[in-house]
Amino acid sequence: MAHAHLTIDLDAIAANWRALDETSPPHVETGAVVKADGYGLGSGRVAATLARAGATSFFVAQAGEGREVRKAVGDEADIYVFAGHLDGDADLLTASRLIPCLNSPDQVARHFSRLPGHPFAVQLDSGMNRLGLEPEDWDALKGDLIDAGPRLVMSHLACADEPDHPMNARQLTQFRDMTDGIAHRRSLGATGGIMMGPEYHFDLTRPGVGLYGGLPFAEATPVVALSAPVIQTRTVRPFETVGYANSWEAKIESRIATISAGYADGLIRAMGPKAQVYAGNTPCPVVGRVSMDLITVDVTHLDEVPERLDILSPAQGVDALADAAGTIGYEILTSLGHRYARHYTGGA
Ligand SMILES: *Cc1c(COP(=O)(O)O)cnc(C)c1O
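Just so it is clear, the structure is predicted and the values come from calculations on it, not from any experiment.

1. Thoughts on the overall build of the protein
On a plain count of helices and strands, the protein comes out with 11 helices and 19 strands. By principal-axis analysis of the C-alpha atoms, the protein measures approximately 75 × 40 × 35 Å. Total accessible area on the protein is roughly 15500 Å²; 50% of this is exposed by carbon and sulfur atoms. The positive charge centre, built from 28 side chains, and the negative charge centre, built from 43, are 5 Å apart in the protein.

2. Observations concerning the UniProt feature "binding site: substrate" (unreviewed entry) in the protein
As recorded in UniProt, the feature "binding site: substrate" (unreviewed entry) lies at Arg130 and Met292. Of the residues just listed, which span 163 residues, the most distant C-alpha pair is 33.5 Å apart, and they do not cluster in one region. For Arg130, the position within the fold is in the loop between β7 (121-123) and α7 (135-148). Counting through the fold element by element, Met292 comes out in the loop between β16 (282-287) and β17 (295-298). With residues up to four places along the chain from it excluded, the contact list for Met292 reads Gly262, Tyr263, Ala264, Asp265 and Arg339.

3. Quick look at the side chain of Arg206
In this fold, Arg206 is placed in the loop between β10 (204-205) and β11 (224-236). Buried and unpaired, Arg206 has no salt bridge, with Asp203 as the nearest side chain of opposite charge at 11 Å. A polar atom in the side chain of Arg206 sits 3.4 Å from the backbone oxygen of Leu188. Not counting the four nearest positions on each side in its chain, Arg206 is found in contact with Val33, Phe59, Phe82, Met154, Ser155, His156, Ser187, Leu188, Gly189, Ala190 and Thr191.

4. Re the environment of Val81
If you trace the backbone, Val81 turns up in strand β5 (residues 78-81). Considering only alpha carbons, one finds Val81 and Gly64, 17 residues apart in sequence, at a separation of 9.3 Å. Ignoring sequence-local partners within four residues, the contact set of Val81 consists of Val60, Ala61, Gln62, Ala63, Leu93, Leu98, Ile99, Pro100 and Cys101.

5. Re the nonpolar core
The biggest cluster of nonpolar side chains holds 79 residues, and the ones touching the most others in it are Ile13, Leu41, Phe58, Val224 and Leu309. Per element, the largest residue contribution to this core is six residues, and it comes from helix α1 (residues 10-23). Of the residues that make up this core, three or more belong to each of domain 1 (31-212) and domain 2 (224-345). Not counting chain neighbours up to four residues away, the residues in contact with Phe58 comprise Ala32, Val34, Ala47, Leu50, Ala51, Val69, Val73, Ala77, Asp78, Ile79 and Tyr80. Membership of the second largest hydrophobic core comes to 20 residues, among which are Val122, Trp138, Leu172 and Met196.

6. Some words on the packing of helix α6 (residues 105-114) against α7
Packed helix pairs are specified by the crossing angle of their axes together with the interaxial distance, meaning the distance between the axes. Running from amino to carboxyl end, α6 crosses α7 at an angle of 25 degrees, the nearest separation of the two axes being 11 Å. The orientation of α6 with respect to α7, classified from their angle, is roughly parallel. In this structure, α6 meets α7 at a crossing whose hand is left-handed. In this structure, α6 contributes Pro105, Val108 and Phe112 to the contact, and α7 contributes Asp137, Leu141, Leu145 and Ala148. Residue classes in the contact of α6 with α7 are distributed as six nonpolar, no polar and one charged.

7. A closer look at the sheet that holds strand β8 (residues 153-154)
The parallel open sheet is built from seven strands, whose spatial order is β3-β4-β5-β6-β7-β8-β9. Looking at the sheet topology across the chains shown, the edges are occupied by β3 (32-33) and β9 (186-187). Bridge count for β5 against strand β6 (residues 99-102) is two bridges, and the pairing is parallel. Directly across from Tyr80, in β6, lies its bridge partner Ile99.

8. Some details on the site of the ligand
If you check the shell around the ligand, you find 15 residues, and the closest are Lys35, Tyr39, Thr191, Val209 and Tyr330. The side chain of Tyr39 places a nitrogen or oxygen atom 2.5 Å from an oxygen atom of the ligand. Take Gly208: an N or O atom from its main chain is 2.8 Å from an oxygen atom of the ligand. Surface burial for the ligand is 92%, taken as the share of its 390 Å² of free accessible area covered by protein chains.

9. Points about the domain arrangement of the protein
The assigned domain composition of the protein is domain 1 (31-212) and domain 2 (224-345). Centre-to-centre, using C-alpha coordinates, domain 1 lies 38 Å away from domain 2. Counting from both sides, the interface comprises nine residues of domain 1 and, opposite them, eight residues of domain 2. Between domain 1 and domain 2, a total of about 790 Å² is buried, with carbon and sulfur atoms accounting for 65% of that surface. When its residues are assigned to classes, the side of domain 1 that touches domain 2 shows five nonpolar, two polar and two charged.

10. Details of the environment of Thr191
Counting through the fold element by element, Thr191 comes out in helix α9 (residues 191-195). Here the alpha-carbon distance between Thr191 and Val209, two residues 18 residues apart in the chain, equals 6.7 Å. If we ignore the near neighbours within four places in the chain, the residues touching Thr191 are Arg206, Pro207, Gly208, Val209, Gly210, Pro216 and Phe217. Of the polar contacts made by the side chain of Thr191, one reaches the backbone nitrogen of Gly208; its length is 3.3 Å.

Criteria and thresholds
- Residues numbered from 1 in each chain as written.
- Predicted model: local features only at pLDDT ≥ 70, side-chain atom pairs only at ≥ 80, totals over all residues.
- Heavy atoms only, no water.
- Helix = DSSP H or I, 4+ residues; strand = E, 2+ residues; numbered from the N terminus.
- Areas by Shrake-Rupley, 256 points an atom, 1.4 Å probe, with all protein chains shown as cover.
- Lys, Arg positive; Asp, Glu negative; His and termini not counted.
- Charge placed at Lys NZ, Arg CZ, Asp CG, Glu CD.
- UniProt positions renumbered as here; feature names shortened; annotations may be inferred.
- Contact = heavy atoms within 4.5 Å.
- Buried < 20%, exposed > 50% of the residue type's maximum accessible area, 1.4 Å probe, protein only.
- Salt bridge = Lys/Arg side-chain N within 4 Å of Asp/Glu carboxyl O.
- Polar contact = N/O pair within 3.5 Å; in protein donor to acceptor, adjacent residues only side chain to side chain.
- Core = buried A, V, L, I, M, F, W, Y, C linked by side-chain atoms within 4.5 Å.
- Domains from an automatic or database assignment.
- Axes fitted to C-alpha atoms, helices over the stretch in contact; angles between N-to-C directions.
- Parallel < 35°, antiparallel > 145°, perpendicular 65-115°, else oblique.
- Left-handed = near helix turned anticlockwise from the far one by under 90°.
- Nonpolar A, V, L, I, M, F, W, Y, C, P; charged D, E, K, R; others polar.
- Pairing = 2+ DSSP bridges.
- Near = heavy atom within 4 Å.
- Buried area = accessible area lost by both parts, 1.4 Å probe.

Pasting the structure below:
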């Protein structure tokens, strides 16, 4: 087929969830973070797959993302909203039965006045200074919040992709100081926290990127494959240039293949000069600038130019491509565009 293909292996997502679940002791529940449209892979398909695999707690970033997830997972599962209860969210929270993670005294007041009796969770700031109640806010509100019965009390780690970073232990101590002794369920670790061991697991873990095959879950089963058709091949003589701004010049007579995918498909321009695409296991350097819809590739060394070249494959995973682009796997995943012919495998 003459389009770029994105293949998403739902069985691999389920296998990653099970593997992460097995990493923590049996009494620890493993949730699933499906924010940002399931890290770009389709929150409905991903959530339905994980619900079948056994997940019963899901997390989205914003209330608006919860509707699709609720449809996919049925009535029983819990769906938490990290951003909490924003002005105007009450209808969404009610309609899709979402649990806001209350982050500030304002959100607490809003939730109790607009949706009294509606379930909520509490997010605490243990040092990241991004979202969550500060220790002083928590001291002041703890009595009322605990009386009202939060479904979960959680916090988030800033440096969990670096297990040896002293920030991890500092945040663990801070979270314990704020929550030891409460009778409610607690959650601290995302993918990186799971990797750091049981101290960080508490009652519920919240993996995201590891489900989708990304670091810091190094043993993850790859989830995405992306290939693009070669739509033209040409010979370029020495001193001829390729692409915008003449940024690549042939040193020797070269074969250049043009593939149909570009930055409008999420293949960011930054991945230009260091990135490679693959013919099977053979790397082929990207040459010249990444255009909106096209990428030019040096295929001089290939005996035969294949019909398609692989951008993400067993030879080059999400994090390897991210490295070449000077970014992280999370950004590669969530940038994957909607122009690709998307194909889901497994998940039945
Ligand atoms: C995104 C996010 C997660 C998931 O993190 P990963 O690193 O993708 O596993 C968990 N908790 C919170 C609060 C988040 O924002």
